[in-house]
Amino acid sequence: MFKNYTINQTTLPLDVEHYIPETDVAFAVHSLVEAIPQALFNQIEQQLGRPAYHPKMMLKILLYAYTQRVFSGRKIEFLLDDSYRMRWLANHEQVSYRTINRFRSQETTAQLLAEAFVLFRRQLITNQVIDNEAIFVDGTKIEADANKFSFVWRKATTRYERLLDEKSEAFYQTLYQEEILPCLKEESQSDGLTSDQLEEVAHHLEAELHETQVQLTHEKCKEKQSQLKKKRRMYKKYLRQVQTDYLPRKQKYERYAQLFQERNSFSKTDTDATFMRMKDDYMRNGQLKPGYNLQIATENQYVLSYELFPNPTDTKTLNPFLDSFLDRHKELPEYIVADAGYGSEENYMYINDVLHKTPLITYGSYHKENKKKYKDNPFNVENWRYLEEQDTYICPANRPVPFKNYSRRKDKGGFIRDFKIYECEDCRNCSVRRQCTRAKSEQKRKIQVNNNWRYFKAECRKNLLEEKTGSIYRKRKIDVEPVFGHLKAHLAFHRFHLRGKQGATIDIGLALMALNLRKLGKYMERKVRKTEKISSILTINIKIELIFFLRKNYCPTLIFFCSAISLVHSFFEDLKVIMLEGW
């Protein structure tokens with residue numbers, strides 16, 4: 001006997017929602033998008049043209065597709081036909097891949113994703129999944145959707161532009177001395193001609209060429225005709241040189257200068273991508289590739305905020321990233337946790353004095369300074385004896401190193417550091433000079449002391465030695481680091497699929513939210529599984545208790561066991577309450 005199998009007959013239920021488990025990630029996607037305020041959708045609604053697909057539906061199918069490691073527009077379109085979860089989220093609509101790609105590259109999608117992250121964090125705090133005590137910041141470099149050989153370097157562009165300016169300047173001086181061109185440059189302009197000035201030169205040459213052609217037409221004398229033809233050839237040569245060489249190259253270099261901004265390189269395929277040194281592969285092949293520096297803030301392995309930056313180092317990204325977090329979520333937790341790549345005087349000062357928060361960030365030499373070899377080295381300035389009243393250090397040779405003058409330095413970002421310069425009075429005939437300094441024999445030993453930097457380093461060591469803040473910092477390795485592993489290994493997100501900073505931001509936003517939803521779905525699945533396990537244990541316990549209760553009238557010796565079973569029952573009831581409160 002076989003079960004009935006007829007695919008041409010209508011069966012119940014008709015709604016595919018009944019086939020989806022309650023703990024499926026599709027329900028997490030649906031709940032998150034439905035929580036976005038309707039007012040945000042009303043702002044992007046257009047009254048003209050054909051009615052568009054609802055942004056809720058488009059965002060749902062994108063988020064669910066990213067949770068299933070599907071990033072291509074054509075594969076998402078295929079998934080709408082193949083997956084009944086996608087059919088339920090799309091309400092049985094058939095969406096073209098062009099519509100999908102067009103939607104996820106719009107600015108409105110970035111706004112919806114930003115609001116989704118705010119709502120997701122708010123729900124995590126409300127349900128006590130995170131305690132909002134600290135955020136863990138870290139970054140990684142992800143390759144852009146660009147050709148790795150389409151590089152443009154600032155140094156090369158500057159050098160070629162300087163050579164072009166020299167040629168155009170000599171060309172202009174030649175035409176000016178021959179009285180072909182009027183004075184086009186200002187007295188204060190020392191560089192070569194700009195693109196506008198080269199266009200003006202081309203217009204003058206065209207006018208002179210046209211005038212020469214008219215004269216040649218009306219001239220009857222052969223000798224003058226020969227002179228005019230020679231003049232015409234010269235004008236054509238000059239005009240061709242400007243239009244085919246000087247002007248296009250100058251326009252190209254000026255366009256490159258606008259694209260560079262503060263960067264040293266960019267890609268012709270994706271002009272927002274910067275060439276960065278990526279991590280070595282399995283064969284230890286490290287090379288420069290166009291990419292973005294992704295910065296994220298996490299808690300309990302949930303991504304709360306993200307941002308893309310063009311600079312490859314993490315030090316200069318922390319302050320603007322915290323500003324974007326504060327602007328998006330309107331608050332910051334008490335502790336900002338990051339690794340030594342973010343440890344700098346500027347970052348410490350900004351978090352302490354501007355944000356009024358506590359940085360739990362190590363610095364580059366933190367672990368080195370905690371070693372015994374460093375502490376016992378007499379030639380380290382940190383180990384020198386300091387006389388506060390005389391403002392003098394005592395070197396290993398017991399010679400005074402008094403204060404000399406103040407010094408102030410400004411870095412490329414505009415941050416100012418103040419130093420105190422100390423110089424030894426006499427280093428001649430010093431027995432430990434070679435170990436103390438590498439300066440020339442006639443120069444005296446100088447040391448530079450930054451008291452602000454020393455204060456922040458002392459505060460860092462103090463915070464990391466305390467029990468509470470030290471335990472929070474130790475969570476960093478198991479909180480933010482696994483997120484990048486899940487992103488690249490589990491989600492298989494190794495490079496961006498959209499070009500431009502806006503497209504890359506939307507692309508990584510969808511991927512990070514997909515990670516959050518996958519983790520939340522597994523969390524709910526474990527919660528339901530534990531609840532079912534406890535309920536099954538309680539059911540067995542109640543059955544055993546009923547058996548003993550029914551038989552105690554016939555067997556008085558079992559009264560003791562009945563009381564013991566009731567105690568076990570109360571214990572399991574208390575255990576259930578405790579575990580549910582903990583979840």
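Predicted model, so just to flag it, every value in this text is computed and none were measured. (Residues numbered from 1 in each chain as written. Predicted model: local features only at pLDDT ≥ 70, side-chain atom pairs only at ≥ 80, totals over all residues. Heavy atoms only, no water.)

**Q** Please give an account of the sheet that holds strand E13 (residues 446-449) that cites residues and values.
**A** Reading across the sheet, the five strands line up as E9-E10-E11-E12-E13 and stay open at both edges, with antiparallel pairing between neighbours. Two strands in the sheet have a free side with no partner beyond their single neighbour: strand E9 (385-387) and E13. Across this sheet, the average inter-strand angle for adjacent strands is 35°, counted without regard to direction. Where strand E11 (residues 400-410) and strand E12 (residues 416-423) come together, seven bridges link them in antiparallel fashion. (Pairing = 2+ DSSP bridges. Helix = DSSP H or I, 4+ residues; strand = E, 2+ residues; numbered from the N terminus. Axes fitted to C-alpha atoms, helices over the stretch in contact; angles between N-to-C directions.)

**Q** Let's hear about the packing of aromatic side chains: which residues, and what values?
**A** Scanning all chains against the criterion turns up 24 aromatic pairs. Taking 5.0 Å as the distance between ring centres and 55° as the angle between the ring planes, the aromatic pair formed by phenylalanine 117 and tyrosine 306 counts as tilted. With phenylalanine 117 in helix H7 (residues 107-126) and tyrosine 306 in strand E6 (residues 302-309), this pair connects stretches of sequence that are 189 residues apart. With a relative accessible area of 4%, tyrosine 306 lands in the buried category. (Phe/Tyr/Trp six-rings, centres within 6.5 Å; stacked < 30°, edge-to-face > 60°. Buried < 20%, exposed > 50% of the residue type's maximum accessible area, 1.4 Å probe, protein only.)

**Q** Can you tell me about the packing of helix H11 (residues 318-329) against helix H12 (residues 345-354), naming the residues and giving the values?
**A** At a closest axis distance of 10 Å, the pairing of H11 and H12 adopts a crossing angle of 25°. Judged by the angle between their axes, H11 and H12 are roughly parallel. Where H11 approaches H12, its residues Leu318, Asn319, Leu322 and Asp323 are matched on the opposing element by Glu346, Asn347, Tyr350 and Ile351. Considering only residue class, the contact of H11 with H12 consists of four nonpolar, two polar and two charged. (Parallel < 35°, antiparallel > 145°, perpendicular 65-115°, else oblique. Contact = heavy atoms within 4.5 Å. Nonpolar A, V, L, I, M, F, W, Y, C, P; charged D, E, K, R; others polar.)

**Q** Mind laying out the pairing of strand E7 (residues 335-338), listing which residues take part and the relevant values?
**A** Here E7 shows no split at all, with Tyr335 and Val337 on one side and Ile336 and Ala338 on the other all buried. In the sheet, strand E1 (residues 134-143) pairs with E7 via three bridges, with the strands oriented parallel. Each residue of the ladder has a partner; that of alanine 134, found in E7, is tyrosine 335. Relative to strand E8 (residues 358-361), E7 is paired through four bridges, and the arrangement is parallel. Residue tyrosine 335 lies in a different strand from E8, and its bridge partner there is threonine 358. For the handedness criterion, the β-α-β arrangement of E7, H12 and E8 is classed as right-handed. (Right-handed = clockwise from strand over helix to strand, strands pointing away.)

**Q** I'd love a proper account of the side chain of threonine 274, names of residues and values included.
**A** Take threonine 274: it is sitting in strand E4 (residues 274-277). Among the polar contacts made by the side chain of threonine 274, one reaches the side chain of arginine 263 at a distance of 3.2 Å. With near-sequence residues (within four places) excluded, threonine 274 lies in contact with Arg263, Ser265, Lys289, Pro290, Gly291 and Pro310. (Polar contact = N/O pair within 3.5 Å; in protein donor to acceptor, adjacent residues only side chain to side chain.)

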